[in-house]
Structures are given as C-alpha cells and as structure tokens.
Amino acid sequence: MAEADLDAVIRQTARAQTKAVMAAARKRQAVWVARAAKAKDKDAKARFRFMAKSTLLNATATAKRLQNSAENAADAYARAMKKAMEEPPPAKKSTKKKEEA
C-alpha cells in the first residue's frame, strides 16, 4: 500500500470503520432484543424493543456521518494534490555566499 493514493486509503479506512460500527450496533441490538424476550411485563418489553430499534437507527446515522466526513476529507485531499501539481514549483533562493576580502 506504499504506492496507494492517500485519498483511497482514507476512503478504505472509513469503510472499515463503518463496518465495525454497524457490526457493534447489530450485537448491541441483539442484546436489547434478548432482554425484551426475557422481560416479564409489557412495558419493559416495549422499552427494550424501542432501545433495540433506536440503537440501529442511531448507529446507521453515525455510520453515514462517518462515511460523509471521510468522503469530504478524501475529496479535499485529492483537490489539494491536484492543485499542487498544477502550480509552478517555488523559485529557489540563491545560496551563494559572498566572500569577504
């Protein structure tokens, strides 16, 4: 990956993080669903089911925000590199030392 563009690396990392967030959310949702199944009263079951639903909705929103932020960062980097390639190189300063006699 030494030759990979940094914007591609940013996008790839964001995809991996998004997958990790969603996997953790699914595990947490399963915990809430299991608690809902074990709950004795109707109110507790409803509350746990709501928590399961909210967990997945919030995780989805978070994953989208994460992905959008990464896309914006990768696009900004790509634009900056393109602009840097189009600009002329900076002029070199003369490094000659004047001899004092």
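The structure presented is a predicted model; accordingly, all values stated were derived computationally and were not measured.

Engineer: Quick question: what am I supposed to make of the overall build of the chain here?
Structural biologist: Of regular secondary structure, the chain possesses two helices and zero strands. Of all 101 residues assigned to the chain, the portion counted as buried reaches 18%. The contacts of the chain with a sequence gap of at least 6 include a subset with a gap of at least 24, amounting to 67%.

Engineer: What is the right way to read the side chain of T18 from this model?
Structural biologist: Along the polypeptide, T18 turns up in helix α1 (residues 6-38). Sequence-distant contacts of T18, defined by excluding residues within four places in its chain, comprise A63, L66 and Q67.

Engineer: Which parts of the structure should I look at to understand the packing of aromatic side chains?
Structural biologist: Pairs of aromatic rings are described using the distance from one ring centre to the other and the angle between the two planes. The final tally for this structure, using the stated rule, is one aromatic pair. Relative to F48, the ring of W32 has its centre 5.8 Å away and its plane inclined at 25°; by these criteria the two rings are stacked. One end of the pair, W32, is in helix α1; the other, F48, is in helix α2 (residues 42-86), and 16 residues separate them in sequence. Take W32 and F48: they sit in the same class, and that class is buried. The residue whose ring lies beneath R35 is W32, and the NZ or CZ to ring-centre distance is 5.0 Å. Sitting above the plane of the F48 ring, R47 keeps its charged end 5.5 Å from the centroid.

Engineer: Can you help me understand the environment of I10 in this one?
Structural biologist: Relative to the helices and strands, I10 resides in helix α1. Residue I10 is classed as partly exposed on the basis of its relative accessible area, which comes to 24%.

Engineer: Which parts of the structure should I look at to understand the nonpolar core?
Structural biologist: Nonpolar side chains tend to gather and get buried jointly when the protein is soluble and globular. Core analysis: the largest hydrophobic core is formed by six residues, namely W32, A36, A39, A44, F48 and A52. Elements with a contribution of two residues or more to this core: α1 and α2. In terms of residue count, the dominant contributor to this core is α2 (three residues). Not counting residues within four places of it along the chain, the set of residues in contact with A52 comprises Q29, W32 and V33.

Engineer: I'm lost on the pattern of salt bridges in this one. Help?
Structural biologist: One side chain can pair with another of opposite charge once the charged atoms of both are near each other. Inspection of every chain in the model, using the stated rule, returns two salt bridges. Between D75 and R11 there is a salt bridge, with the nearest N and O atoms lying 2.5 Å from each other. Linking D75 in helix α2 with R11 in helix α1, this pair joins segments that are 64 residues apart in sequence. What makes D75 partly exposed here is its relative accessible area of 30%. Through salt bridges with shared partners, one network takes in R11, E71 and D75.

Engineer: What should I look at first to understand α1 in this one?
Structural biologist: In an α-helix, one turn spans 3.6 residues; hence positions three or four apart end up facing the same way. For α1, which comprises 33 residues, the first-to-last C-alpha distance of 48 Å matches the rise-based estimate of 48 Å (1.5 Å per residue) to within 8%. Of all the positions in α1, only D7, R11, A14, T18, M22, A25, W32 and A36 are classed as buried. The secondary structure elements touched by the buried residues of α1 are α2.

Thresholds applied
- Residues numbered from 1 in each chain as written.
- Predicted model: local features only at pLDDT ≥ 70, side-chain atom pairs only at ≥ 80, totals over all residues.
- Heavy atoms only, no water.
- Helix = DSSP H or I, 4+ residues; strand = E, 2+ residues; numbered from the N terminus.
- Buried < 20%, exposed > 50% of the residue type's maximum accessible area, 1.4 Å probe, protein only.
- Contact = heavy atoms within 4.5 Å.
- Phe/Tyr/Trp six-rings, centres within 6.5 Å; stacked < 30°, edge-to-face > 60°.
- Lys NZ or Arg CZ within 6 Å of the ring centre and 35° of its normal.
- Core = buried A, V, L, I, M, F, W, Y, C linked by side-chain atoms within 4.5 Å.
- Salt bridge = Lys/Arg side-chain N within 4 Å of Asp/Glu carboxyl O.
- Expected span 1.5 Å × (residues − 1).

Function-wise, these values are silent; they only describe arrangement.
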